[in-house]
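Structural features, examined
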Amino acid sequence: MSIALAIVLSAAAMTMIVGVRYLITSGAFAMATRFRHPGLYAGLDPQIRREIWWSLASAAIYGVPAGVVAWGWQNRGWTQIYTDVSAFPLWYLPVSVLLFLFAHDTWFYWTHRWMHRPKPFRVAHAVHHASRPPTAWAAMAFHPIEALTGAVVIPLLVFAIPIHVAALGLVLTIMTVMGVTNHMGWEVFPRFMWRGPLGAWLITASHHQRHHERYGCNYGLYFRFWDRLCRTDEGLGDFTRDRARAAARRERGNADRRDAGRAA
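On to the overall build of the protein. Counting its secondary structure elements, the protein contains 10 helices and two strands. Its helices and strands in sequence order give the protein the pattern α-α-β-α-α-α-α-β-α-α-α-α, from N to C terminus. For 264 residues, the compact-globule estimate of 2.2 N^0.38 gives 18 Å, and the protein sits close to it at 20 Å. Reported as C-alpha extents along the three principal axes, the dimensions of the protein are approximately 70 × 50 × 40 Å. Put simply, the protein has 264 residues, and 47% of those count as buried. By sequence separation, contacts in the protein at least 24 residues apart represent 73% of the contacts at least 6 residues apart. Surface exposure of the protein reaches about 13,500 Å², of which carbon and sulfur atoms provide 67%. Both charge centroids of the protein, one from 27 positive and one from 15 negative side chains, sit 2 Å from each other.

Below is the structure:
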């Protein structure tokens with residue numbers, strides 16, 4: 001098999017993995033939303049279809065650099081990914097995860113803030129903010145330009161920061177779960193994670209909800225560090241309005257069905 005074909009197949013495999021991971025994770029949390037808050041996504045079917053379409057397109061963009069780097073790691077020894085747990089002290093395992101999360105959060109904060117400048121917002125980021133309110137399916141609903149800014153960060157970090165393959169898997173899991181749960185429209189995590197002292201530094205759905213309400217604030221992904229340092233942190237959002245809108249959509253839907261029944 002030629003090198004070019006091997007790289008193409010690796011990219012295709014990673015695209016499939018990213019897409020299936022998105023469908024399973026977002027689907028699971030969307031199902032949890034149906035049970036926990038019935039009707040919260042009522043009337044949003046066209047929006048959800050659009051979110052899934054953009055997210056699957058983004059999966060291809062995420063999969064290509066990931067596939068190239070994965071091939072290089074396995075066949076050419078590229079990257080700082082290691083498999084022998086004794087290669088570094090055990091204390092480095094959690095440190096490497098935190099380093100990756102902080103570096104990713106830093107990249108996300110500044111690229112996300114740049115995306116809110118008028119031209120990048122109009123050209124690209126408006127696709128994501130067209131979800132009103134965002135749902136569990138909106139985690140990867142990005143314009144290709146925005147998807148590209150997110151797709152390169154982890155593949156670049158594995159060249160700079162040593163990390164065990166299992167720790168990298170944990171980073172990717174956290175990235176996926178936080179991306180989905182931050183857009184769900186309700187808090188899946190315990191109250192102490194977003195209302196207590198820990199919540200002063202961690203980002204969950206309540207914090208990101210305020211970003212979708214006001215746009216010009218709360219740009220972070222995992223931590224509130226950069227928002228607090230740069231004075232763009234405007235606290236936690238309120239899900240009450242979105243729930244009221246969901247109730248109104250349900251009532252309109254019920255009224256439409258009653259009208260259709262009478263017409264029949």
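Along the chain, Thr-33 turns up in helix 1 (residues 3–36). Polar side-chain contacts of Thr-33 include one of 2.8 Å to the backbone oxygen of Phe-29. Excluding its chain neighbours within four sequence positions, the residues that come into contact with Thr-33 are Pro-38, Leu-40, Tyr-41, Met-184 and Trp-186.

What counts, and where the lines are drawn
- Residues numbered from 1 in each chain as written.
- Predicted model: local features only at pLDDT ≥ 70, side-chain atom pairs only at ≥ 80, totals over all residues.
- Heavy atoms only, no water.
- Helix = DSSP H or I, 4+ residues; strand = E, 2+ residues; numbered from the N terminus.
- Rg over C-alpha atoms; globule rule 2.2 N^0.38 Å.
- Buried < 20%, exposed > 50% of the residue type's maximum accessible area, 1.4 Å probe, protein only.
- Contact = heavy atoms within 4.5 Å.
- Areas by Shrake-Rupley, 256 points an atom, 1.4 Å probe, with all protein chains shown as cover.
- Lys, Arg positive; Asp, Glu negative; His and termini not counted.
- Charge placed at Lys NZ, Arg CZ, Asp CG, Glu CD.
- Polar contact = N/O pair within 3.5 Å; in protein donor to acceptor, adjacent residues only side chain to side chain.

Honestly, that's just the spatial picture; any functional story needs more than this.
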